[in-house]
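# Commentary on secondary and tertiary structure
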Amino acid sequence: MSNKINGAEALIRSLINEGVDTVFGYPGGAIIPVYDKLYDYTSQLKHILVRHEQGATHAAQGYARATGRTGVVIVTSGPAATNVITGLSDALMDSTPLVVITGQVSSSLLGSDAFQETDVVGIVHPITKWAVQIRRAEDIPAAVARAFYIANNGRPGPVVLDIAKDAQVGLLDFKPATCDFIRSYIPVPTINNADIIEAARLLNYAERPMILSGHGVMISSAEEQLQMLAEKADIPVATTLLGLSTMPSDHPLYKGMLGMHGNIGPNYNTNRADVILAIGMRFDDRVTGRIESYAPNAKIIHVDIDSSEFNKNVKATLTIHADARQALDALLPHINQTRRTEWLDSFVPCEEIETEKVINPELYPGEGLMKMGEVVNLVSRAFEDKAIGVTDVGQNQMFGSRYFRFTQPRSFLSSGGLGTMGFGLPAAIGAKMGCPEREVVLFVGDGGFQMTIQELGTILEYGTAVKIVLLNNNFLGNVRQWQQLFFNGRFSQTPMVNPDFVAICEAYGIKAENVDDRSQLSDAIDRMVKSKSAYLLNVNIDPTDMIFPMIPLGAAVDEMLVNPNEMFKL
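Residues numbered from 1 in each chain as written. Predicted model: local features only at pLDDT ≥ 70, side-chain atom pairs only at ≥ 80, totals over all residues. Heavy atoms only, no water.

It is worth spelling out the overall build of the chain at this point. From N to C terminus, the chain includes 24 helices and 22 strands. Taken over C-alpha atoms, the radius of gyration comes to 24 Å for the chain, in line with the 25 Å a tight globule of 570 residues would show. Each principal axis of the C-alpha distribution contributes one length, and for the chain these read about 80 × 60 × 40 Å. Counting every position in the chain, which comprises 570 residues, the buried fraction comes to 60%. Summing over all exposed atoms, the chain offers an accessible surface of approximately 22,300 Å²; the carbon and sulfur share of this is 49%. (Helix = DSSP H or I, 4+ residues; strand = E, 2+ residues; numbered from the N terminus. Rg over C-alpha atoms; globule rule 2.2 N^0.38 Å. Buried < 20%, exposed > 50% of the residue type's maximum accessible area, 1.4 Å probe, protein only. Areas by Shrake-Rupley, 256 points an atom, 1.4 Å probe, with all protein chains shown as cover.)

Here you go:
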């Protein structure tokens, strides 16, 4: 009696062997054998039927970022495979572990322009950590094990397995495969102790040190070590966009977000610091501003697990090639207990200017059109700063990042490097499915919402209790702001005529209401918070609302507009 199984079943069993419990996907002709076998494993492997393959990748990203586990996607060949490209690009830039499985035509048809044949591996090679085409059933277990090892070790990222249909139906003697080593791939380097000693020396003798916390801190779960180091040495901490929630919002050493729309204090003092410890961040142009004027007085210590980031944008005094948590664990014993009262006090004037010059969401008058900042602020407080905040891309993202607060790690998810409109809704669904015990609230604009609005169908099918705050200004708001400030108010193709979003949600069985006036806002938020199911607030936002501070393109990090007419000046 034969114990052979087909490749499709070997794939399912290999995923379960990797600890996968949830996959996001959409069936089609070239992947039908896998979906047929999935039918027998529904008690062990939950499949989420999205409404578009791009939605599958973003949902898997949200799941991965919220849980720290690898997100898994299964789609068919041809257009399905090309529809995952945006999500793969986003995952690579934001170091998100994904394993994306695409169906492919049978091996005998490859190269013949068969129906729904696409050179998937050729297309995705530049936007993945690894991509391989599998043509034999017996190669599936080892390929799956290797894929998970690559996706989630070292600097995480996406992997693609393109599985030909004959490999799915071919038979093999199944044996679960494991992978914990790949020759020439060293995902976690050995720390050079001399580098740690030198880093400690620089920090101990510094008068004006800063810590810049990036996404790598979150990926390595180094939040506790980061906080211990900051407290021991009394060093202010600022974060990148994707580093948000690596320090609690109310921690006295947390000084806010860096970059184009970051807080005045950390941006200004970046150029006054004498030592900067940058952990798990890549010195993106949105963080540095004009590179020639960035941190001119600082010795920069750059910690990263990916050595290709060293000296790529900013020249470092010292590089530490290491996992963030391991580096901080090694550094902590060598750091002196000290107090830096004068340096920390220098942030106060910047904070005062920000309160006075930048519109404060807590100080809006009870009249006029609503602002995005006040809505985000009230929603965050209504959830007691304990929810997972997800944003789409645009003004909603920047207001969300500035005014959403967090008390727990992994509490802020957004599309960073690629800036993908349409990311928010499916990512929020994935985050909620990964962390059903936590509240998940999405801040999204009317433009980005409509890019993946079909995923309301996923909420309908699975009853995913995502809370959606639609900041609706009937504009592509971020582009409108640039047009207002730098293109003489010529609003070319940014005004939007929008549908009745509440009616659309109701058609999907989702509770929704319009919030047209500030007097309605608090009660509407309260109803949303108390709801046990998905809920949408369509909030009527002032279309002239703009996000500040703002570092104009080409300006230095301390050259900030604090409002449309005024540059920052201390």
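A few words now on the environment of Asn192. Turning to its location among the elements, Asn192 is positioned in the loop between strand 8 (171-172) and helix 9 (193-205). Sequence spacing of Asn192 and Ala322 is 130 residues, and the spatial spacing of their C-alpha atoms is 8.7 Å.

Looking now at helix 19 (residues 424-434). An α-helical segment advances 3.6 residues per turn. Residues three or four places apart therefore align on the same side. Counting buried positions along helix 19 yields ten of eleven residues, so the element is predominantly enclosed. Among the residues of helix 19, Gly424, Leu425, Pro426, Ala427, Ala428, Ile429, Gly430, Ala431, Lys432 and Met433 are the ones counted as buried.

Note on placement: Asp304 falls in strand 13 (residues 299-304). Although Asp304 is buried, it makes no salt bridge; Arg155 carries the closest opposite charge, 5.1 Å away. With residues up to four places along the chain from it excluded, the contact list for Asp304 reads Gly280, Met281, Glu309, Phe310, Ile320, His321 and Ala322. (Lys, Arg positive; Asp, Glu negative; His and termini not counted. Salt bridge = Lys/Arg side-chain N within 4 Å of Asp/Glu carboxyl O. Contact = heavy atoms within 4.5 Å.)

This next bit is on the domain arrangement of the chain. Under the domain assignment used here, the chain contains domain 1 (5-172), domain 2 (193-347) and domain 3 (370-544). For domain 1 versus domain 3, the separation of C-alpha centres amounts to 30 Å. On the side of domain 3, 25 residues touch domain 1, which itself brings 24 residues to the contact. Around 2,000 Å² of area is buried between domain 1 and domain 3 when both sides are counted, 63% of it from carbon and sulfur atoms. The largest per-residue losses of area from domain 1 upon contact with domain 3 belong to Arg51, Arg65 and Ala66, which jointly make up 29% of the total buried on that side. Applying the counting rule to domain 1 against domain 3 returns one salt bridge. Of the charged contacts, one joins Arg51 and Glu461 as a salt bridge, the two residues approaching to 2.8 Å between their closest N and O atoms. If you look at where domain 1 meets domain 3, you find twelve residue pairs in polar contact (both at pLDDT 80 or more). Within the residue set of the side of domain 1 that touches domain 3, elements represented by two or more residues are strand 3 (46-49), helix 3 (53-67) and helix 5 (85-93). Looking at the side of domain 1 that touches domain 3 element by element, the count peaks at eleven residues for helix 3. (Domains from an automatic or database assignment. Buried area = accessible area lost by both parts, 1.4 Å probe. Polar contact = N/O pair within 3.5 Å; in protein donor to acceptor, adjacent residues only side chain to side chain.)

Looking now at the sheet that holds strand 13. Strand pairing within a sheet occurs via backbone hydrogen bonds; the two strands may be parallel or antiparallel. Across the sheet, which stays open at both edges, the six strands sit in the order 11-10-9-12-13-14 with parallel pairing between neighbours. The two strands at the open ends of the sheet, each matched to only one other strand, are strand 11 (254-257) and strand 14 (318-321). Pairs of neighbouring strands in the sheet enclose a mean axial angle of 20°, with direction left out of account. In the sheet, strand 10 (residues 237-239) pairs with strand 11 via two bridges, with the strands oriented parallel. Within strand 11, the residue paired with Thr239 across the bridge is Met257. Against the sheet, helix 11 (residues 223-233) contacts strand 9 (209-213), strand 10 and strand 12 (275-279), and its axis sits at roughly 170° relative to strand 9. (Pairing = 2+ DSSP bridges. Axes fitted to C-alpha atoms, helices over the stretch in contact; angles between N-to-C directions.)

Below, the discussion takes up empty space enclosed by the protein. By rolling a water-sized probe across the atoms, one finds the places where empty space is left. Following the criterion strictly, the structure yields one cavity of 30 Å³ or more and no others. Considering only enclosed or pocket space, the largest cavity measures out at about 30 Å³ in volume. Looking at the largest cavity, the residues that line it are Ile196, Leu277, Val303, Ile320, Ala327, Leu328 and Leu331. Of all the elements, helix 14 (residues 324-331) adds the most residues to the lining of the largest cavity, at three residues. Of the residues contributing to the lining of the largest cavity, the split by class is seven nonpolar, no polar and no charged. (1 Å grid on protein atoms, 1.4 Å probe; cavity = no way out; pocket = protein on both sides within 12 Å on 5 of 7 lines; lining within 4 Å. Points joined across faces, edges and corners; volume = space filled by probe spheres on them. Nonpolar A, V, L, I, M, F, W, Y, C, P; charged D, E, K, R; others polar.)

What follows covers the sheet that holds strand 15 (residues 388-391). Reading across from one edge, 16-15-17-18-20-19 is the order of the six strands in this open sheet, with parallel pairing throughout. One side of each edge strand has no neighbouring strand; the edge strands of this open sheet are strand 16 (412-413) and strand 19 (511-515). As defined by bridge partners, strand 15 adjoins strand 17 (residues 440-445) across four bridges and the pair is classed as parallel. Bridge pairing links Gly389 to Val441 in strand 17. The strands that helix 19 touches are strand 15, strand 16, strand 17 and strand 18 (467-472); relative to strand 17, the one it contacts most, it runs at about 175°.

Bringing the pattern of salt bridges into the picture now. Going through the model one piece at a time under the given rule, you end up with 24 salt bridges. Arg155 is the partner of Asp306 in a salt bridge, and the nearest nitrogen-oxygen pair spans 2.8 Å. Residue Asp306 is found in the loop between strand 13 and strand 14, and its partner Arg155 is found in the loop between helix 7 (140-152) and strand 7 (158-164); the two are separated by 151 residues along the sequence. For Arg155, a relative accessible area of 22% translates into the label partly exposed.

This paragraph deals with the environment of Ile525. Among the secondary structure elements, Ile525 is positioned in helix 24 (residues 518-530). According to the relative accessible area criterion, Ile525 is buried, its value standing at 3%. Measuring from C-alpha to C-alpha, the distance between Ile525 and Val379 comes to 6.5 Å, with 146 residues separating the pair along the chain. Excluding its chain neighbours within four sequence positions, the residues that come into contact with Ile525 are Leu378, Val379, Ala382 and Leu537.

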